[in-house]
Amino acid sequence: MLLFALITLLFAFQAIGLRSYSALSLNQSDFFRPTGIVDLGFQKPLNTSSLMCNITVYTLDIGLDFASSTNLTVTGSGKASIQLDAVLRMSKDWYYLQNELALSENTQGEFNASFLVSVWNLSSKRSTFSPQFSVPSATIVSTPNGSVLVYALNVPFLVRVPFSFEPMIFVVANQGQITIHFYDYLLQQHFSPFFNDYQISLKGMQASLVTGGRNPVNYNLYQCVFGGAFDHGVTQITSLDSQMLLYYLNGSSYSAVPEAVAYGYDSAEGVGGVAAFPVFINGVPQVILSTELKGVINLWPISNYFVKLNISRSSFLLIANSKFWVPQGIVELPALLGKAVFSLPLTIEPFNKTMFELIAPQVLQINSTARAVLSSIEVNGLPTNNSRISGYVFAPISFFFSYTMQYYVSVLGPNISIQGFYDAGTTLKADAPPRLGNPITPMSFYGWIGTFNITSVSLRVTVEQPIHEVAYYKQSYLNLYILIVLIALITLVTAVTIKRDL
């Protein structure tokens, strides 16, 4: 568990508006979607009784809030949420569960905070909640297909960065009753941790948290994400440095979710300006959330090459000024994500003379026609030819990796043979002769056949993808036909002349 540094308890609670049940949707804007770790179970559907997320927030500054992802009318500023969400299946009944930390910024890095629990009935069958677990501050709202429960912890508290938040959802079946536990653990530097355990009950014999497939509303999922304002709006995040893990109960222990994407789905609550980038720390996948990084959509699993860093002591690393903490061991940064090549600055902050070894692969082979080649590594701004670097950290040390994309090119023709990998952006030129062979039955240029199908004899292309071109010729019999006609005319004229002379 990455519980790290925290700060203070007690202060201001703000009223939280109820969400609209009809707001649950997959059609979210690409720019304002919940962002973090999302397992949709596409490759490996799962059933579990418990989910747990850990997110450490080092810096956070919340910007403007908007009405929705499709209506960017400013409604306020400084509100966001951190959510652990799951879908609960009970026989033919489905429920959407949210365990949420709602944040409202007072000053930069200081927030009024409250816990929010939501349970939505996704089934067409009517559903009610067992009242013995409802406390006075819980609100139960009737909907056409049953009940929606929203519970706000009525204990105000103040949160300052850095803080660590660990929400959990787990379900227990006992004697025809399903109990859902929403557990929260909040840790701040120099202050005692804060706990919350809220429980509700549903009638049923069996229940599990599921991914994969669809429920009556949308997809089943597990997700731990940054979301927008907790009154079903979206939020622009101005500054964020954090790292996040999402676990599910796998037998008797917790394991990282086996697949993940960066964008999630929720009740219209999204964030803008936040990117997710995966790292693997001692083999465990997690995510850096940042406003500084360029993120990716597919987080893991990835069949990939990694820049590997082996460090002897716990340290802070910075990627493009985005800070995250790593323990002793091996840190792996994906060097290739889809077509995006890892070319970012990496910095190790000093921590008790940390010993390190850094290994960067020379070639990242994407497939038979595309690869990335290590072009340079800079150490503290100075170039080096080594792809394996080791030493001690006495002061901040920075590395910059630069990979060049290359594509395989094959351009073939008469006296033309261009074959091999070429850097992206390279301009290639080839000129095919208009004609080949004897003048009677010449081979005439027909065009370049392949990637671009150019008809001009002059080929001018920029390498931005694999290229295969072959100069294609067709044999021309026109001159032969003309010659035959001429010979026939000459023969005819000669015959007429001879006859006349006779």
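None of the values given here were measured: they were computed from a predicted structure.

**Some points on the overall build of the protein**
- The secondary structure content of the protein amounts to one helix and 41 strands.
- When the 502 residues of the protein are sorted by exposure, 50% land in the buried category.
- Of the contacts made within the protein by residues no fewer than 6 positions apart, 71% connect residues no fewer than 24 positions apart.
- Entry remark: accessible area of the protein is about 22800 Å², with carbon and sulfur atoms responsible for 55%.

**Section: unusual backbone geometry**
- Of note, the amide linkage connecting Val 161 to Pro 162 takes the cis form, showing an omega dihedral of 0°.
- Mapped onto the fold, Pro 162 is located in the loop between strand S10 (157-160) and strand S11 (163-174).
- Note the cis peptide between Trp 300 and Pro 301, where omega equals 0°.
- At Asn 415, a position not held by glycine, the phi torsion is positive, near 60°.
- Taking relative accessible area as the criterion, Asn 415 reaches 86% and is therefore assigned exposed.

**Digging into the pairing of strand S31 (residues 363-367)**
- Bridge analysis of S31 against strand S32 (residues 370-379) gives four bridges, and the strand direction is antiparallel. In the strand pairing of S32, Leu 364 is matched with Ala 372.
- Between S31 and S32, which pair antiparallel one after the other, the connecting turn spans two residues.

**A closer look at the packing of aromatic side chains**
- Within the structure shown, the criterion is met by 17 aromatic pairs.
- Measuring from centroid to centroid gives 4.9 Å for Phe 157 and Phe 194, while their planes differ by 25°, and the two rings are stacked. You can see Phe 157 sitting in strand S10 and its partner Phe 194 sitting in strand S13 (residues 194-203), a full 37 residues away along the chain. Both residues of the pair, Phe 157 and Phe 194, belong to the buried class.
- An aromatic cluster is defined as three or more aromatic residues linked by ring pairs; in this entry it consists of Phe 115, Phe 157, Phe 165 and Phe 194.
- The aromatic ring of Phe 421 is capped on one face by Arg 371, whose charged end is 4.1 Å from the ring centroid.

**A look at a nonpolar patch on the surface**
- On the surface, Ile 482, Val 485, Leu 486, Leu 489 and Ile 490 cluster together into a nonpolar patch covering about 450 Å² of accessible area.
- Looking at where Ile 482 falls in the secondary structure, it is placed in helix H1 (residues 478-501).
- Exposure remark for Ile 482: the relative accessible area of 41% places this residue in the partly exposed category.

**Some points on the state of the cysteines**
- Evaluation of the coordinates by the stated rule reveals one disulfide.
- The residue that forms a disulfide with Cys 53 is Cys 224, at a sulfur-sulfur distance of 1.9 Å. The chirality of the disulfide connecting Cys 53 with Cys 224 is left-handed, given an S-S dihedral of about -75°. On the criterion of sequence distance, the pair formed by Cys 53 in strand S3 (residues 50-66) and Cys 224 in strand S15 (residues 222-227) is long-range, its members being 171 residues apart.
- Under the relative-accessibility criterion, Cys 224 is labelled buried at 0%.

**Let's talk about the environment of Phe 230**
- Relative to the elements of secondary structure, Phe 230 occurs in the loop between S15 and strand S16 (234-250).
- Residues Phe 230 and Gly 270 lie 40 residues apart in sequence; the distance between their C-alpha atoms is 9.8 Å.

**Quick notes on the environment of Tyr 407**
- Note that Tyr 407 resides in strand S35 (residues 397-413).
- Residue Tyr 407 is classed as buried on the basis of its relative accessible area, which comes to 12%.
- Along the primary structure Tyr 407 and Ala 370 are separated by 37 residues, whereas in three dimensions their C-alpha atoms are 4.6 Å apart.
- Sequence-distant contacts of Tyr 407, defined by excluding residues within four places in its chain, comprise Thr 369, Ala 370, Gly 420, Phe 421, Tyr 422, Ala 424, Val 463, Glu 464, Gln 465 and Pro 466.

**Some words on the side chain of Asn 54**
- The topology assignment puts Asn 54 in strand S3.
- At 3.5 Å, the side chain of Asn 54 forms a polar contact with the side chain of Ser 164.
- Only 3.2 Å separates the side chain of Asn 54 from the side chain of Glu 166, close enough to count as a polar contact.

**With respect to the confidence of the model for the protein**
- For the protein, the average pLDDT comes to 81, and 82% of its residues sit at 70 or higher.
- Every residue in residues 1-30 is under pLDDT 50, and counting partners more than four places away or in other chains gives 125 contacts.

**Points about the pattern of salt bridges**
- According to the stated counting rule, one finds four salt bridges in the structure shown.
- Measuring nitrogen to oxygen at the nearest pair gives 3.3 Å for the salt bridge that ties Asp 431 to Arg 460. Of this pair, Asp 431 sits in strand S37 (residues 427-431) while Arg 460 sits in strand S40 (residues 458-462); the two residues are 29 residues apart in sequence, bridging distant segments of the chain.
- For Asp 431, a relative accessible area of 44% translates into the label partly exposed.

**Some words on the pairing of S13**
- Bridge analysis of strand S12 (residues 177-188) against S13 gives 10 bridges, and the strand direction is antiparallel. Note on S13: the bridge partner recorded for Tyr 185 is Phe 195.
- Here S12 folds back onto S13 in antiparallel fashion, the turn holding five residues, of which His 190 has a positive phi close to 70°.

Definitions and limits used
- Residues numbered from 1 in each chain as written.
- Predicted model: local features only at pLDDT ≥ 70, side-chain atom pairs only at ≥ 80, totals over all residues.
- Heavy atoms only, no water.
- Helix = DSSP H or I, 4+ residues; strand = E, 2+ residues; numbered from the N terminus.
- Buried < 20%, exposed > 50% of the residue type's maximum accessible area, 1.4 Å probe, protein only.
- Contact = heavy atoms within 4.5 Å.
- Areas by Shrake-Rupley, 256 points an atom, 1.4 Å probe, with all protein chains shown as cover.
- Pairing = 2+ DSSP bridges.
- Phe/Tyr/Trp six-rings, centres within 6.5 Å; stacked < 30°, edge-to-face > 60°.
- Lys NZ or Arg CZ within 6 Å of the ring centre and 35° of its normal.
- Patch = residues over 30% accessible without salt bridge, like charges linked within 9 Å, V, L, I, M, F, W, Y side chains within 5 Å.
- Salt bridge = Lys/Arg side-chain N within 4 Å of Asp/Glu carboxyl O.
- Disulfide = S-S within 2.5 Å.
- Polar contact = N/O pair within 3.5 Å; in protein donor to acceptor, adjacent residues only side chain to side chain.
- pLDDT = per-residue confidence, 0-100.

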